[in-house]
Amino acid sequence: MVINKTRNGDELTVAVEGRLDTTTAPELDDMLKAELGDVKKLLFDFAKLDYISSAGLRVLLLSQKTMNKQGSMVIKNVNEEINEIFEVTGFTDILTIE
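All values derive from a computational prediction rather than experimental measurement.

Scoring rules and cut-offs
Residues numbered from 1 in each chain as written. Predicted model: local features only at pLDDT ≥ 70, side-chain atom pairs only at ≥ 80, totals over all residues. Heavy atoms only, no water. UniProt positions renumbered as here; feature names shortened; annotations may be inferred. Helix = DSSP H or I, 4+ residues; strand = E, 2+ residues; numbered from the N terminus. Buried < 20%, exposed > 50% of the residue type's maximum accessible area, 1.4 Å probe, protein only. Polar contact = N/O pair within 3.5 Å; in protein donor to acceptor, adjacent residues only side chain to side chain. Core = buried A, V, L, I, M, F, W, Y, C linked by side-chain atoms within 4.5 Å. Contact = heavy atoms within 4.5 Å. Salt bridge = Lys/Arg side-chain N within 4 Å of Asp/Glu carboxyl O.

## Observations regarding the UniProt feature "domain: STAS" (unreviewed entry) in the chain
Following the UniProt record, one finds the feature "domain: STAS" (unreviewed entry) at residues 12–98. As annotated, residues 12–98 comprises 44% helix and 26% strand, and the C-alpha atoms at either end are separated by 16 Å.

## Looking at the side chain of Thr24
Within the fold, Thr24 resides in the loop between strand E2 (11–20) and helix H1 (25–35). You can call Thr24 buried: its relative accessible area is 13%. Engagement of the side chain of Thr24 in a polar contact is seen with the backbone oxygen of Arg19, the distance being 2.8 Å. For Thr24, the side chain forms a polar contact with the main-chain nitrogen of Asp21, separated by 2.9 Å.

## Comments concerning the nonpolar core
Leu42, Phe44 and Phe86 are the most contacted members of the largest nonpolar core, which has 27 residues in total. Broken down by secondary-structure element, the contributors of at least two residues to this core are E2, H1, strand E3 (41–45), strand E4 (49–52), helix H2 (54–70), strand E5 (72–76) and helix H3 (80–89). Of all the elements, H2 adds the most residues to this core, at 5 residues. Setting aside chain neighbours within four positions, we find Phe86 in contact with Phe46, Ile52, Leu57, Leu60, Ile75, Val78, Phe91, Thr92, Leu95 and Ile97.

## Structural notes on the pattern of salt bridges
Under the counting rule described, the total for this entry stands at 6 salt bridges. A salt bridge links Arg7 to Glu35; the shortest N-O distance between them is 3.7 Å. Residue Arg7 is found in strand E1 (residues 2–8), and its partner Glu35 is found in helix H1; the two are separated by 28 residues along the sequence. For Glu98, the salt bridge goes to Lys76, with nearest N and O atoms at 3.5 Å. In this pair, Glu98 is assigned in the segment after H3 and Lys76 in strand E5, connecting sequence segments 22 residues apart. By relative accessible area, which is 57% here, Glu98 ends up exposed. One salt-bridge network, in which partners are shared between bridges, spans Lys5, Arg7, Glu35 and Asp38.

Right, dumping it as structure tokens:
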């Protein structure tokens, strides 16, 4: 997994490439915990994300809970397979996916 983050004032864009699973989710979680302090808008770019497991979904859920208190969170460029995972798990009702 590769994480590319771009900060623009109080907006953070996180592009994730590869697999977000049990092995890689803690890395993303740690990075988000360190970065989200003063972020008002969190944007995930999943254009190059190939797979997400329950561990990855957990990181997204925790990020959404944080951002509900301090701003907004959007997920962009989701492929069909990952969108299907979001639909099956009910995450389409929780997350803002564009």
